[in-house]
Amino acid sequence: MQIENLLTDENTEKAAWEALEKSILYYQGRPIGTVAAYDESVEALNYDQCFIRDFVSSALIFLAKGRTDIVRNFLEETLKLQPKERQLDAYKPGRGLIPASFKVVLDNGEEYLEADFGEHAIARVTPVDSCLWWIILLRAYVVATKDFSIAYQPEFQNGIRLIMEICLANRFDMYPTLLVPDGACMIDRRMGIYGHPLEIQVLFYTALRASRELLICKGNQDIVAAIDNRLPLLCAHIRQHYWIDINRLNAIYRFKSEEYGKAAVNLFNIYVDSIPYYELDKWLSRKGGYLAGNVGPSQLDTRFFALGNLMAIISDLATEEQSQAIMNLIDERWDDLVGDMPMKICFPALEHEEYRIVTGCDPKNIPWSYHNAGSWPVLMWMLTAAAIKTGKVHLARKAIEIAEARIGEDEWPEYYDGKKGRLIGKQARKYQTWTIAGFLLAKELINDSSHLPLVSFDKLPPELVSRACEFEIGSVDPHSS
Ligand code: GLC
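Remember, predicted model here, so these are calculated numbers, not experimental data. (Residues numbered from 1 in each chain as written. Predicted model: local features only at pLDDT ≥ 70, side-chain atom pairs only at ≥ 80, totals over all residues. Heavy atoms only, no water.)

(A) Expanded view of the state of the cysteines. Summed over all chains, the structure comprises zero disulfides. Lacking any disulfide linkage, C50 is separated from the closest cysteine sulfur, that of C131, by 16 Å. With no disulfide partner, C235 has as its closest neighbouring cysteine sulfur the one in C167, 17 Å distant. Classification of C235 as buried rests on a relative accessible area of 10%. (Disulfide = S-S within 2.5 Å. Buried < 20%, exposed > 50% of the residue type's maximum accessible area, 1.4 Å probe, protein only.)

(B) Region of interest: helix α8 (residues 221-242). Between its first and last C-alpha atoms α8 spans 31 Å; for 22 residues at 1.5 Å apiece the expected length is 32 Å, and the two agree. Here α8 has its buried residues at I223, V224, I227, R230, L231, L234, C235, H237, I238, H241 and Y242. On its buried side, α8 packs onto α6 (154-168), α7 (198-214), β6 (243-245), β7 (289-296) and β8 (299-305). (Helix = DSSP H or I, 4+ residues; strand = E, 2+ residues; numbered from the N terminus. Expected span 1.5 Å × (residues − 1). Contact = heavy atoms within 4.5 Å.)

(C) Representation of empty space enclosed by the protein within the structure. According to the stated counting rule, one finds four cavities of 30 Å³ or more in the structure shown. If you add up the space inside the largest cavity, you get close to 60 Å³. In terms of lining, the largest cavity is formed by R53, V56, S57, W133, M186, E199, L307, V378, W381, M382 and W434. Among the elements of the structure, α2 (52-64) and α15 (379-389) are those that each provide at least two residues to the lining of the largest cavity. (1 Å grid on protein atoms, 1.4 Å probe; cavity = no way out; pocket = protein on both sides within 12 Å on 5 of 7 lines; lining within 4 Å. Points joined across faces, edges and corners; volume = space filled by probe spheres on them.)

(D) Representation of the environment of M380 within the structure. The topology assignment puts M380 in helix α15. In sequence terms M380 and Y175 are 205 residues apart; their C-alpha atoms lie 31 Å from each other. When sequence neighbours within four positions are dropped, the list of residues in contact with M380 reads P342, A399, I400, A403, I407, G438, F439 and A442.

(E) The arrangement of unusual backbone geometry in detail. The step from P342 to M343 runs through a cis peptide bond, and the omega angle for that step is -15 degrees. Tracing the chain through its elements places M343 in the loop between α13 (334-337) and β9 (346-347). For the bond running from F347 to P348, omega is -5 degrees, close enough to zero to count as cis. Mapped onto the elements of the fold, P348 is located in the loop between β9 and α14 (352-359). Located in the positive-phi region is A123, a residue other than glycine, with phi close to 70 degrees.

(F) Geometry of the site of the ligand. Taken together, the residues surrounding the ligand are A36, Y47, F51, R53, D54, M186, D188, Y370, H371, E414, Q432 and W434. R53 has a polar side-chain atom sitting 2.9 Å from an oxygen atom of the ligand. Surface burial for the ligand is 95%, taken as the share of its 300 Å² of free accessible area covered by protein chains. Split by residue class, the shell around the ligand holds six nonpolar, two polar and four charged. (Near = heavy atom within 4 Å. Polar contact = N/O pair within 3.5 Å; in protein donor to acceptor, adjacent residues only side chain to side chain. Areas by Shrake-Rupley, 256 points an atom, 1.4 Å probe, with all protein chains shown as cover. Nonpolar A, V, L, I, M, F, W, Y, C, P; charged D, E, K, R; others polar.)

(G) How the structure looks around the layout of surface pockets. If you add up the space inside the largest pocket, you get close to 850 Å³. What lines the largest pocket is a set of 29 residues, among which P276, T302, R303, L350 and E354 lie closest to the centre. Mapped by element, the contributors of at least two residues to the lining of the largest pocket are α10 (277-283), β8 and α14. The biggest single contributor to the lining of the largest pocket is β8, with six residues. The residue makeup of the lining of the largest pocket, split by class, is 14 nonpolar, six polar and nine charged.

Purely geometric stuff here, so don't read any function into it on its own.
Structure follows, in structure tokens:
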């Protein structure tokens, strides 16, 4: 029986690799990315494009397997798509942005890349996360190849700098977090995540840390100083104001409101009645906790968002204790957060009037479907990385086992629906690349946790410690490490 299982598992992995190979996108004869989904049974819409956020999962498994070329090509080509000049036209993407996706267009026998910065996307959403993922991936490439030279090239230094400039620019609010519109990340539809959504803040924090390692200090002193200034503020803000556990809930429950001035305790004037405190009282386990979905003026979104919480563990944005508490919560609320397919993008779903008002009656985001508390297998690799980081590998093993039993037979759906994630998503694509890559990466990480530094900031070996502050831009030979 066990041998049979082993064989099917092997077959699932083999099928996954075949599907991943098929998803590779070629440009001028070179691999440069993977399409979002290779599902011939439905209209492609933009799923035949390479999405930056989706490709990160593919890229990491390629890096783990030593296939660094495709990742390098991707980084080089997407960097060329980044607008380098200040745009006065409001309909043009801002300087420094990286597109949500791109496709290869053939024109008179000539190939070129066409980028989508949200100007074609459904609902014209802004991809704020792309530039953050791009930097995170650049660092992963450097870690995998043990070669900083790509990042030290003037074009890459400029690319990082432009991203940092757009992120660190003065804005209207005085929060260390980034203020962004709805749908600016993996959840790229209206879901009530405008403001300061966790996912963006965590990716911002991770990208700041990665940039700090990669930026050559001389010539970038202003940006480096801005990063050094922002990192501790952002970190403290998230750890303090986004954190929810039973102690914090007790404090919030007894919050006073309308406090003015410096002595205020309830800084954001959260009205207690806006918090589902009785549900949380029941749901929060004694040793569990998590980072809230969003914090802003009179706003504390208490939904659990998986990507933000898991990446906060991986990047050390959450304290050690908080990381343990997040994993405890996942363990103790397994049925809600993992169920029959790892794992829920967020929990719980918006329902009834709230669903109608917040999503704008989006038929794709009905309760317990798609972004509204659907289950997304891609999150499995982040769950695995977070589990390794916190010493709870058994949780990742359990999750992978659950997925492995059906995900291949189900033909790698983009997402699953239902409270327990047993229904293949109503409008889910099959052969969704980041589902496939996420599964392979989760397995790879479990088998060989030495890949964790691709995404974490654990102590690196001396050859990987950046020497970026020892020389000047342009003074490093990009062809030597
Ligand atoms: C959906 C997802 C988005 C993803 C895209 C391509 O729009 O919400 O996160 O990048 O599909 O897979």
